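This is what each chain is made of:
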Amino acid sequence: MTAPSARYDLTGRTALVTGAGGLLGRQHVAALVDAGARVVVSDIGMAQADATIAAVMEIVPAADLVPAVIDVTSQAAVSPSTSSSTTRRSIRRSPLLPA
Ligand SMILES: NC(=O)c1ccc[n+]([C@@H]2O[C@H](COP(=O)([O-])OP(=O)(O)OC[C@H]3O[C@@H](n4cnc5c(N)ncnc54)[C@H](O)[C@@H]3O)[C@@H](O)[C@H]2O)c1
């Protein structure tokens, strides 16, 4: 079987994972890092995002991960114009996500 990283090269791209502190979110972050992406690791609380970052960096110390607090039920939180400056910068630099 071909490793995902061989099929999907996301080097130079940024992905945004919501609910990244959860079981599935953490796996998605790890898969995106494996494919070379910079990942905005977002959750409703910073503690959850930080826990995922710590877990992934234990396996891939050089992973390019940006923590962010985003409540997906909040229009203001998911809007690039009102989200945190770190998240805004990451989104603006991303060819995958709208500015
Ligand atoms: N785990 C599975 O096997 C599985 C299978 C099918 C469907 N699902 C569904 O997929 C989703 C995620 O599953 P999971 O196992 O990762 O759940 P989880 O409970 O482990 O993780 C959910 C994450 O979402 C975060 N979260 C909650 N409310 C939020 C909000 N308003 N904004 C942003 N983040 C928020 C939580 O803090 C948590 O870190 C759930 O809806 C689940 O029902 C899971």
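Please refer to the structure higher up on the page.
Described below are features of the structure shown in this document. All values derive from a computational prediction rather than experimental measurement.

On to the site of the ligand. For the ligand, the set of nearby residues contains 14 residues, the closest of which are Gly19, Gly21, Gly22, Leu23 and Leu24. Ranked by the residues each element gives to the shell around the ligand, the list is headed by helix 2 (residues 23-34), at 3 residues. A breakdown of the residues in the shell around the ligand according to their chemical character gives 5 nonpolar, 7 polar and 2 charged.

So, on to the sheet that holds strand 3 (residues 65-69). Read across the sheet, 3 strands follow the order 1-2-3 without closing on themselves; strand pairing throughout is parallel. At either margin of the open sheet sits one strand with a lone partner, and together these are strand 1 (14-17) and strand 3. Within this sheet the neighbouring strands show an average axis-to-axis angle of 20°, counted without direction. Of the pairings in the sheet, the one linking strand 2 (residues 38-43) to strand 3 comprises 5 bridges and is parallel in character. In the strand pairing of strand 3, serine 42 is matched with alanine 68. In the packing of helix 2 onto the sheet, contacts are made with strand 1 and strand 2, and the angle to strand 1 comes to roughly 175°. Each of strand 2 and strand 3 is contacted by helix 3 (residues 46-59), which is oriented at about 165° to strand 3, the strand it contacts most.

Its 14 residues give helix 3 an end-to-end C-alpha distance of 20 Å, which sits within 8% of 20 Å, the value for a rise of 1.5 Å per residue. Within helix 3 the residues assigned to the buried category are Gln48, Ala49, Thr52, Ile53 and Val56. Across the axial projection of helix 3, the buried residues extend over an arc of 135°, all falling on one side. Within helix 3, the exposed residues directed more than 90 degrees away from the buried face are Ala47, Ala54 and Glu58. If you follow the buried residues of helix 3, they end up packed against helix 2, strand 2 and strand 3.

Turning our attention to the nonpolar core. Core analysis: the largest hydrophobic core is formed by 18 residues, its most contacted members being Ala15, Val17, Val29, Leu32, Val39 and Val41. Setting aside residues no more than four positions away along its own chain, valine 17 makes contact with Gly25, His28, Val29, Leu32, Val39, Val41 and Ser42.

A rise of 1.5 Å per residue sets the reference length of helix 2, with its 12 residues, at 16 Å; its end C-alpha atoms lie 17 Å apart and thus fit the reference within 8%. The inward-facing, buried residues of helix 2 contact strand 1, strand 2 and helix 3. Positioned one or two residues after helix 2, glycine 36 has a phi angle of 100°, which is positive.

What follows is about the pairing of strand 1. Remember that side chains alternate between the two faces of the sheet whenever the strand is regular. Taking every second residue as pointing to the same face, both faces of strand 1 are buried, with Thr14 and Leu16 on one and Ala15 and Val17 on the other. Note: strand 1 against strand 2, 4 bridges, orientation parallel. Bridged to leucine 16 within strand 2 is valine 40. Each parallel crossover has a hand, and for strand 1 linked through helix 2 to strand 2 it is right-handed.

Criteria and cut-off values
- Residues numbered from 1 in each chain as written.
- Predicted model: local features only at pLDDT ≥ 70, side-chain atom pairs only at ≥ 80, totals over all residues.
- Near = placed C-beta within 6 Å.
- Helix = DSSP H or I, 4+ residues; strand = E, 2+ residues; numbered from the N terminus.
- Nonpolar A, V, L, I, M, F, W, Y, C, P; charged D, E, K, R; others polar.
- Pairing = 2+ DSSP bridges.
- Axes fitted to C-alpha atoms, helices over the stretch in contact; angles between N-to-C directions.
- Contact = placed C-beta atoms within 7 Å.
- Expected span 1.5 Å × (residues − 1).
- Buried ≥ 20, exposed ≤ 12 C-beta atoms within 10 Å, placed from the backbone.
- Arc of directions from axis to C-beta.
- Core = buried A, V, L, I, M, F, W, Y, C linked by C-beta atoms within 7 Å.
- Right-handed = clockwise from strand over helix to strand, strands pointing away.

Interpretation note: all reported values are geometric properties and have no functional meaning in isolation.
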